[in-house]
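So the chains spell out like this:
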Amino acid sequence: MMGRYGRVLLIIVVGLSVLITGCWDYVEVELLNFVMGAGVDSLTPEFFLTVESIQVLGGGQQTELVPIVSTSKGSTFFQAARNLINPLGQRLFWAHALVFIVSEEVAREGILPAIEFAVRDADIRTSLWLLVARDCSALEVFKTDPQLADSVSRHLANIIETRNRLPVFFAQRFWQVDRALARSGLSASVPTVQIIQEEDKKIAIIEGTAVFRSDKMVGWIDGMESRNFSILMGEGVIGTITVDVDVMEQKGPITFQVKDSRTRIKPQLEDGDLSINMEVQLQLELAELGGLRIDFTQPSNIHDLEEQVSKNMEAQFASLLRKLQVEFNSDALGLGAAVKRSHPQIWREIDEQWSEEVYSMVPVSIKVISRIIATGVQSKILTVRD
């Protein structure tokens, strides 16, 4: 049995163990610098790193969040990031980072060295958004005026979150770009950030998409092409489509809202020749007729419009595909991945030659099936009283 002194000693030991218990890796929040966004403008001769962080001033209801833009250089991303600790006097905390921007120079030179550390490091989430700066540097982007946000990084993230309604770019997270770089039969694509001038303010916007071959950027597609690209990639775009039509002896533009879109890629092998058929289904709702007066109670008018929309979109998709295949030789749509899934044996034979020899020569046909599923609250012709 435990004696009196033994019980006293046990109580003392238990009490001390409670008092000294704590987290071995605990860090005071005042010693952390919360990174919201980062960017790389050059890789050689040194990494030029820009970081946008948030400084918390005051407390309680008087708390103020102030964005701070800092830069540093280093032989590697890791070293450049560590070099920021001295001037800032705080440890960088990456878990809240939203965006990562690379300059066009870096993207064309090869994006992998710029993002390799971020993909590997456990402190940086691979869910942050990747962007390419066009006609500007990452530093210049972070020095723009944020709109309705506490930082430029938050401003850019807010734009990306509304992409399904204004799909003028193809958004990609770190892990998606990393997967595209590692996957055969698929090339990476990254949205582009630009700077516009509005009165006395410089504002960052996201429009257009950079397309890659391997890890090197080879060209741009604009906002409308990015919308079509998003549809072909099956992103569930609900943006708008404006088409010039000729119906009921009237000519003019009509705007439709895309309620749903689905894309099927069907590689075919016939007599040893590979071809690819793409089918796009669009469900549309009438958004604006402009000055046209069309009676939607007549099925023939609806069918005529559907046919015209389909032909117009087929031409737009074909133009985009020619740019990707011939001008850029970038399989950003993942046609090779579709061949790999449907004809694995053939893919094993052409895998190594796909990007350099086969892809740009493969015949691709595109068929669009449009369905007008709603015309708003009014189907009959609007009449104007004299």
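Residues numbered from 1 in each chain as written. Predicted model: local features only at pLDDT ≥ 70, side-chain atom pairs only at ≥ 80, totals over all residues. Heavy atoms only, no water.

## As for the overall build of the chain
Each helix and strand counted, the chain has 13 helices and 13 strands in total. By the burial criterion, 44% of the 386 residues in the chain qualify as buried. (Helix = DSSP H or I, 4+ residues; strand = E, 2+ residues; numbered from the N terminus. Buried < 20%, exposed > 50% of the residue type's maximum accessible area, 1.4 Å probe, protein only.)

## Digging into the packing of aromatic side chains
All told, the structure shown has 7 aromatic pairs when counted by the stated rule. Note on Phe100 and Phe174: the rings are 5.3 Å apart at their centroids and 85° apart in plane angle, and the pair reads as edge-to-face. Taken together, the residues Phe100 in strand β5 (residues 99-103) and Phe174 in helix α8 (residues 174-182) connect sequence positions 74 residues apart. Here Phe100 matches Phe174 in class, with each residue buried. An aromatic cluster of three or more residues is present, and its members are Phe77, Trp94, Phe100 and Phe174. Sitting above the plane of the Trp129 ring, Arg173 keeps its charged end 3.8 Å from the centroid. (Phe/Tyr/Trp six-rings, centres within 6.5 Å; stacked < 30°, edge-to-face > 60°. Lys NZ or Arg CZ within 6 Å of the ring centre and 35° of its normal.)

## Thoughts on unusual backbone geometry
Following Thr44, the chain continues into Pro45 via a peptide bond in cis, with omega recorded as -5°. Here Pro45 shows up in the loop between β1 (32-42) and β2 (47-57). One non-glycine residue, Glu199, adopts positive backbone phi at about 55°. Glu199 sits in the exposed class, given a relative accessible area of 77%.

## Comments concerning the side chain of Ser53
Structurally, Ser53 is set in strand β2. Look past the residues within four positions of Ser53 in its chain and what remains in contact with it is Asn33, Phe34, Val35, Met36, Val66, Pro67 and Ile68. (Contact = heavy atoms within 4.5 Å.)

## Describing the sheet that holds strand β10 (residues 240-247)
Taken together, 4 strands build an open sheet; the order of strands is β10-β11-β12-β13 and the sheet is mixed. Because the sheet does not close on itself, it has two edges, and the strands there are β10 and β13 (364-374). The sheet shows a mean angle of 40° between the axes of neighbouring strands, taken without regard to direction. As judged from the 15 bridges shared by strand β11 (residues 250-270) and strand β12 (residues 273-288), these two strands associate in the antiparallel manner. For Gln268, the partnering residue across the bridge sits in β12 and is Ser275. With respect to the sheet, helix α9 (residues 223-232) is in contact with β10, β11 and β12, its orientation differing from that of β12 by roughly 115°. Strands β10, β11, β12 and β13 of the sheet are contacted by helix α10 (residues 299-327), whose axis makes an angle of about 145° with β13. (Pairing = 2+ DSSP bridges. Axes fitted to C-alpha atoms, helices over the stretch in contact; angles between N-to-C directions.)

## A closer look at the confidence of the model for the chain
For the chain, per-residue confidence averages 88 on the pLDDT scale, and 88% of positions sit at 70 or higher. Note that pLDDT drops below 50 for residues 382-386; the model gives that stretch 2 contacts with residues more than four away or on any other chain. (pLDDT = per-residue confidence, 0-100.)

## Considering helix α11 (residues 335-342)
Of all the residues in α11, the buried ones are Leu335, Gly336, Ala337, Ala338 and Val339. At its buried positions, α11 is contacted by β11, β12, α10, α12 (344-350), α13 (354-358) and β13.

## Here we look at the packing of α9 against α10
The geometry of α9 relative to α10 is characterised by a closest axis approach of 10 Å and an angle of 95° between their N-to-C directions. Between α9 and α10, the interaxial angle falls into the category roughly perpendicular. Touching Met224, Glu225, Arg227, Asn228, Phe229, Ile231 and Leu232 of α9 are Met313, Gln316, Phe317, Leu320, Lys323 and Leu324, all from α10. Split into classes, the residues belonging to the contact of α9 with α10 amount to 8 nonpolar, 2 polar and 3 charged. (Parallel < 35°, antiparallel > 145°, perpendicular 65-115°, else oblique. Nonpolar A, V, L, I, M, F, W, Y, C, P; charged D, E, K, R; others polar.)

## Regarding the nonpolar core
Within the largest apolar cluster, 46 residues are counted, with the highest numbers of intra-cluster contacts made by Ile254 and Trp354. Within the residue set of this core, elements represented by two or more residues are α9, β10, β11, β12, α10, α11, α12 and β13. Excluding its chain neighbours within four sequence positions, the residues that come into contact with Ile254 are Ile241, Thr242, Val243, Val245, Leu286, Glu288, Leu289, Leu292, Ile294 and Leu305. (Core = buried A, V, L, I, M, F, W, Y, C linked by side-chain atoms within 4.5 Å.)

## As for the environment of Leu269
By the element assignment, Leu269 lies in strand β11. On the basis of relative accessibility, which here comes to 38%, the residue Leu269 falls in the partly exposed class. Residues Leu269 and Ile346, 77 residues apart in the sequence, show an inter-C-alpha distance of 9.1 Å. If near-sequence neighbours (up to four positions away) are discounted, Leu269 is found in contact with Leu274, His343 and Ile346.

## Things to note about a positive patch on the surface
A surface patch of positive charge is lined by Arg179, Arg183, Lys340 and Arg341. The topology assignment puts Arg183 in the loop between α8 and β7 (189-198). (Patch = residues over 30% accessible without salt bridge, like charges linked within 9 Å, V, L, I, M, F, W, Y side chains within 5 Å. Areas by Shrake-Rupley, 256 points an atom, 1.4 Å probe, with all protein chains shown as cover. Salt bridge = Lys/Arg side-chain N within 4 Å of Asp/Glu carboxyl O. Lys, Arg positive; Asp, Glu negative; His and termini not counted. Charge placed at Lys NZ, Arg CZ, Asp CG, Glu CD.)

## So, the pairing of β5
Counting buried positions along β5 yields 5 of 5 residues, so the element is predominantly enclosed. By the alternation rule, side chains of β5 split into Val99, Ile101 and Ser103 and Phe100 and Val102, which are all buried. Bridge count for β1 against β5 is 4 bridges, and the pairing is parallel. Paired with Gly39 across the bridge in β5 is Ile101. Note that β5 and strand β6 (residues 129-133) share 5 bridges and pair parallel. Across the sheet, the residue bridging to Ile101 is Leu131, located in β6.

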